[in-house]
Amino acid sequence: MEFKTISVVGLGYIGLPTAAVIASRGLKVIGLDVSEHAVKTINEGNVHIVEPDLDIVVRSVVNSGNLKATLTAEKADAFMVAVPTPFKDDYKADLSYIQSAARTIAPVLEKGNLVILESTSPVGATEEMAKWLAEARPDLSFPQQNASTSDINIAHCPERVLPGHVLRELVENDRVIGGMSPACSEKAVALYKTFVKGECLITNARTAEMAKLTENSFRDVNIAFANELSLICDKLDINVWELIKLANRHPRVNILNPGPGVGGHCIAVDPWFIVSSAPDEAKLIKQARLVNDAKPEYVFNQIIKEADEFKRPVVACFGLAFKADIDDLRESPALDIAVKLAKHEGLEVLVVEPNIDALPNVFEGSNAKLVSVEQAFEEAKVMAILVDHSEFKNVDAEKWATKVVIDSRGIV
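Since the structure is predicted, the reported quantities are computational estimates derived from the model, not experimental observations.

Caption draft 1: Molecular detail of a nonpolar patch on the surface. A surface patch of nonpolar side chains, amounting to about 330 Å² of accessible area, comprises Ile-232, Leu-236, Ile-238 and Leu-243. Structurally, the position occupied by Leu-236 is in helix H8 (residues 205-236). Judged by its relative accessible area of 54%, Leu-236 falls in the exposed class.

What follows is the structure, given as structure tokens:
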């Protein structure tokens, strides 16, 4: 099966790297997004997100003509949907972005096209997307109507990359590919083999959806264990970092490090999709979410306790991103803690986040300001380490020793 033109719908933290990698293999890629800023930035050969080396690849493929960004859907051989799937207030998935993407590409679909949903989704989302496409294009047949000979092939292939290592992992990682029919799976494998060196593992769409949720729920449960340990150790006056280091010397123990909570669009969100689908059965998964969701409040209270020792305290928050060395603030516990501190009466808050140029709008109305590492050490007495960015790890230990430090990442 030959693919000449690929449309990537959604040019965010997954879509843009995916589009750039595919374009670097010589295929023509049309990047579709609703953001005029993102489209303009990409077409200028620049990037609007932080990911190591992504700017180099994007500049190259834009200059070669293999990648262009657009606000309107165009015809292609395959469409890869990589749009957000947040949860609503009741922790159920919001599929409106997928629905909007389906309605946007439906008018340009042609017989023989492949549509892949890459967005992390609850079980059944791929079938919902197929239903929306079928409603918009009654002149075409879809796998749910005629699995073996449908005009349009549909599959789910969840992304499974680590921010900060996306370009490498897009190529090297194995991929789980769940087609709505064997023919759909076969065509999807052919597409991924154009840029993936890892193994393409075939299953059905529902199992592929559940596989991604399972991977992230496994991580969430293990992080919750570490976070719960940190609470217990604080109560018993034990250094949790030393404890974990010692326990991990056991050949079959590998405890993760605790933190201020869990962030990002995946681990902090995906377990709720399982809980909402099977609330009576997903007891452990739900409890892990509750433990991790409660950790930011605990860290906040630790900072307030230390700040109360000083009159008119200046508190420096080190990091806003949900993990080290990226600019992604989605579901970030560090951001939640910093905002709450900034709006706490009597505190002056300095924010140190080297990966952004301005504080996000959630700080509006507060007295927080974005500063450098150097300024934070000059003006603040209480230091809250919320993210283990490289810049913070490189600070001399003697400088930290002169401050009151609440270290949620184990740097100090």
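Caption draft 2: Up close: empty space enclosed by the protein. Tallied over the entire structure, the rule returns one cavity of 30 Å³ or more. Its volume calculated, the largest cavity comes out at about 30 Å³. Every residue lining the largest cavity is listed: Pro-158, Glu-159, Arg-160, Val-176, Ala-211, Lys-212 and Glu-215. Split into classes, the residues belonging to the lining of the largest cavity amount to three nonpolar, no polar and four charged.

Caption draft 3: Here's a closer look at the environment of Ser-64. Here Ser-64 is to be found in the loop between helix H3 (54-63) and strand E3 (67-70). The class of Ser-64 is partly exposed, set by a relative accessible area of 44%. Each C-alpha atom, one on Ser-64 and one on Ala-23, is 9.2 Å from the other, the two residues being 41 residues apart in sequence. Of note is the side chain of Ser-64, whose polar atom sits 3.0 Å from the backbone oxygen of Val-61. Polar side-chain contacts of Ser-64 include one of 3.4 Å to the backbone nitrogen of Asn-66.

Caption draft 4: Looking closely at the sheet that holds strand E2 (residues 28-32). On the basis of which strands lie adjacent, the open sheet formed by eight strands has the order E3-E2-E1-E4-E5-E6-E7-E8 and mixed pairing. With one partner strand each, in any of the chains shown, E3 and strand E8 (200-204) form the two edges of the open sheet. Direction aside, the axes of adjacent strands within the sheet are offset by 25° on average. Looking at chain direction, strand E7 (residues 175-179) and E8 are connected through five bridges and run parallel. Each residue of the ladder has a partner; that of Ile-177, found in E8, is Ile-202. Against the sheet, H8 contacts strand E6 (153-156), E7 and E8, and its axis sits at roughly 115° relative to E8.

Conventions and cut-offs
- Residues numbered from 1 in each chain as written.
- Predicted model: local features only at pLDDT ≥ 70, side-chain atom pairs only at ≥ 80, totals over all residues.
- Heavy atoms only, no water.
- Patch = residues over 30% accessible without salt bridge, like charges linked within 9 Å, V, L, I, M, F, W, Y side chains within 5 Å.
- Areas by Shrake-Rupley, 256 points an atom, 1.4 Å probe, with all protein chains shown as cover.
- Salt bridge = Lys/Arg side-chain N within 4 Å of Asp/Glu carboxyl O.
- Helix = DSSP H or I, 4+ residues; strand = E, 2+ residues; numbered from the N terminus.
- Buried < 20%, exposed > 50% of the residue type's maximum accessible area, 1.4 Å probe, protein only.
- 1 Å grid on protein atoms, 1.4 Å probe; cavity = no way out; pocket = protein on both sides within 12 Å on 5 of 7 lines; lining within 4 Å.
- Points joined across faces, edges and corners; volume = space filled by probe spheres on them.
- Nonpolar A, V, L, I, M, F, W, Y, C, P; charged D, E, K, R; others polar.
- Polar contact = N/O pair within 3.5 Å; in protein donor to acceptor, adjacent residues only side chain to side chain.
- Pairing = 2+ DSSP bridges.
- Axes fitted to C-alpha atoms, helices over the stretch in contact; angles between N-to-C directions.
- Contact = heavy atoms within 4.5 Å.

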